[in-house]
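Structure assessment
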Amino acid sequence: MSTPHPDELQPEATEGFKVGEKKTLEEYQQLDQNDESLRKWKESLGIGSGKSISDPNDPRKCIILSLGLEVEGRSDIVIDLTKPGALDGLNKHPFTIKEGATFRMKARFKVQHQILSGMKYVQVVSRVGLKNKMQEMIGSYSPNTTDKPEYEKRFETETAPSGMIGRGHYEAVSKFVDDDNQTHLQFKWSFDIKKDW
């Protein structure tokens, strides 16, 4: 599979979403506690509850812990990305998805050191020269704490292609990228659409 053009995995700007002024976590924590709507917004980001679990020896802002595939009527397929070589295995061992099956992807991740703003998942799937791009907004998150040690995001439900034309081998490239255009994870993977499991 050829390396994707850099622009292919470029996230699209979210309409009506402006990148806010960057503040440190301490600045957010000191914002006016008397403002009820502001307090609720901070709570929704998880600011101010529990102790930080950020690793001072790990500079990453976002760590993707696992990727999963939920399929109706079947056990979840979960790839533990904390294991060495997990991403290589993803590319070498295609998922099998039954044609017409309903499925959804999910990601478990940890945020540390500073607020993660506007993270998106971008994916380009290619087959016999045809490419299809999709993007999913994951959102903004504060660093994880002892009260909330990790986050999980379940993506929108998808339906696998079906029929003779839909069956076959698909190659994909995916990345997790934030509003600062910082890529937190990029990987290749593949899947086969088959008549049956």
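Since the model is a prediction, treat every value here as computed from it, not as a measurement. (Residues numbered from 1 in each chain as written. Predicted model: local features only at pLDDT ≥ 70, side-chain atom pairs only at ≥ 80, totals over all residues. Heavy atoms only, no water.)

1. Considerations on unusual backbone geometry
Even without being glycine, H113 reaches a positive phi, approximately 75°. Turning to its location among the elements, H113 is positioned in the loop between strand 4 (102-111) and strand 5 (116-127). Residue H113 is classed as partly exposed on the basis of its relative accessible area of 34%. (Helix = DSSP H or I, 4+ residues; strand = E, 2+ residues; numbered from the N terminus. Buried < 20%, exposed > 50% of the residue type's maximum accessible area, 1.4 Å probe, protein only.)

2. A few points about the packing of aromatic side chains
One pair of aromatic rings is described through two measures. These are the centre distance and the angle between the planes. Scanning the model with the defined rule gives 8 aromatic pairs in all. Ring centres of Y121 and F176 lie 5.1 Å apart, and the angle between their planes is 55°; on these two criteria the pair is classed as tilted. You can see Y121 sitting in strand 5 and its partner F176 sitting in strand 9 (residues 168-177), a full 55 residues away along the chain. Of the residues examined, F176 reaches a relative accessible area of 0% and is grouped as buried. Here W189 and F191 contribute two aromatic rings whose centre-to-centre distance is 5.4 Å and whose plane-to-plane angle is 35°, an arrangement assigned as tilted. For F191, a relative accessible area of 10% corresponds to the buried category. Taken together, the aromatic side chains of F95, Y170, W189 and F191 make up a single cluster linked through ring pairs. (Phe/Tyr/Trp six-rings, centres within 6.5 Å; stacked < 30°, edge-to-face > 60°.)

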